[in-house]
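Observations on the model geometry
Take a look at the letters that make up each chain.
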Amino acid sequence: MSEFTFSENFSVTEEIKSTFEVDGYIIIKSVFSQEELIKIQTAIGAKGGVREHAYDLDDGAGLKSKMALWNHPGDDVTGMVGKCEKVAGTMEKLLGGEIYHYHSKLMMKEAKTGGQFVWHQDYGYWYNNGCLFPNMGSVMIAIDKCDSENGCLQVIKGSHKLGRIDHVNVADQVMADPVRLEEVKKHLPLEYASLDPGDAIFFHCNVLHRSDQNRSDRRRWVFICSYNRADNNPYFEHHHPLYTPLKKVSNDAILTCKNVSDFTGKWFVEKSDNKTLSR
Ligand SMILES: O=C(O)CCC(=O)C(=O)O
């Protein structure tokens, strides 16, 4: 798994770009500091905020994860995560053009009870939203330590080159065609994206990924910010935004942001409105 480390002088080098192009993902260590993580966690739990919009996702194998999803970043601390240069600016360079915020999610796998996610490509279902090109990607940011014991992300290296695979519904999720997947696994390696708190994995929307149930006694919470290229504006309205210019903010915005209570404009998507779950 190719890893790079964030620093004040961080820039998206040719090496980073070519690794993303070849593997479909990169890990960047220490994107967020301990101080920033504390601030983000406080914001997640604020009254009327992200955590209050969380709902269960049945994993089809007896356990559940919790998810909160919002379409626009908003101006509170959690919004700064999706808008800051080190996240959005980096993804912009990896996707090779202007991007906009498609949605962000807080994925909570609680200790002992957190559900699995089955193998899928995000473009497997974003395709159904009128996004013509797979010029999309996500950044998973570890709030807790994520490893093979508490259900870290697993990825198939190079799988973004396969194109979009057909998906079927399983419980509250979509799953890539299992027969095709078995064939893919004979050709491409599977990797575990172990992350320390504050690390992030940037991955292309056609990368096959999954994660195990969390049977450990450690919580596994992550943030996932997803983006679409501005020139890939979906051709119909749906439960995620059409092109909406993204006003990026500087990297210190998480620490300087004082807004922990005004969630205006975030457009939380509740379970009943999440068409991805009910196709
Ligand atoms: O939280 C996880 O482990 C994976 C979530 C995921 O794959 C997704 O939301 O597309």
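Cut-offs used in this document
- Residues numbered from 1 in each chain as written.
- Predicted model: local features only at pLDDT ≥ 70, side-chain atom pairs only at ≥ 80, totals over all residues.
- Core = buried A, V, L, I, M, F, W, Y, C linked by C-beta atoms within 7 Å.
- Buried ≥ 20, exposed ≤ 12 C-beta atoms within 10 Å, placed from the backbone.
- Contact = placed C-beta atoms within 7 Å.
- Near = placed C-beta within 6 Å.
- Helix = DSSP H or I, 4+ residues; strand = E, 2+ residues; numbered from the N terminus.
- Nonpolar A, V, L, I, M, F, W, Y, C, P; charged D, E, K, R; others polar.
- Pairing = 2+ DSSP bridges.
- Right-handed = clockwise from strand over helix to strand, strands pointing away.
- Axes fitted to C-alpha atoms, helices over the stretch in contact; angles between N-to-C directions.

1. Remarks on the nonpolar core
For soluble globular proteins, the rule of thumb is that nonpolar side chains tend to be buried together. Grouped together as the largest cluster of nonpolar side chains are 72 residues, with contacts concentrated most on Ile141, Ile201, Phe202 and Val222. Non-local contacts of Val222, meaning those with residues more than four positions away in its chain, are made with Met107, Met140, Ile141, Ala142, Ile143 and Cys146.

2. Looking at the site of the ligand
All residues in the neighbourhood of the ligand are listed as Lys105, Met107, Phe117, Asp122, Leu153, His209, Ser211, Val222 and Ile224. Elements that contribute at least two residues to the shell around the ligand include exactly strand E5 (99–109), strand E13 (209–211) and strand E14 (220–229). Each residue belonging to the shell around the ligand can be placed in one class, and the counts come to five nonpolar, two polar and two charged.

3. Here we look at the pairing of strand E2 (residues 25–29)
Counting buried positions over the five residues of E2 gives four, a clear majority of the element. As paired elements, strand E1 (residues 3–5) and E2 share three bridges and run parallel to each other. Bridge assignment links Phe4 to a residue of E2, and that residue is Ile28. The handedness of the E1 to E2 crossover, carried by helix H1 (residues 14–23), is right-handed. The sheet contact formed by E2 and strand E12 (residues 200–204) spans four bridges and is antiparallel. Bridge pairing links Ile27 to Ile201 in E12.

4. Section: the sheet that holds E12
In space, the eight strands of this open sheet follow the order E1-E2-E12-E7-E14-E5-E4-E3, with mixed pairing throughout. Two strands bound the open sheet, and with one partner strand each, they are E1 and strand E3 (55–58). Shown here is a sheet whose adjacent strand axes are inclined to one another by a mean of 25°, direction ignored. Sheet strands in contact with H1 are E1, E2 and E12, and its direction is about 135° off that of E2.

Note that all results are geometric; they support no functional claim without further evidence.
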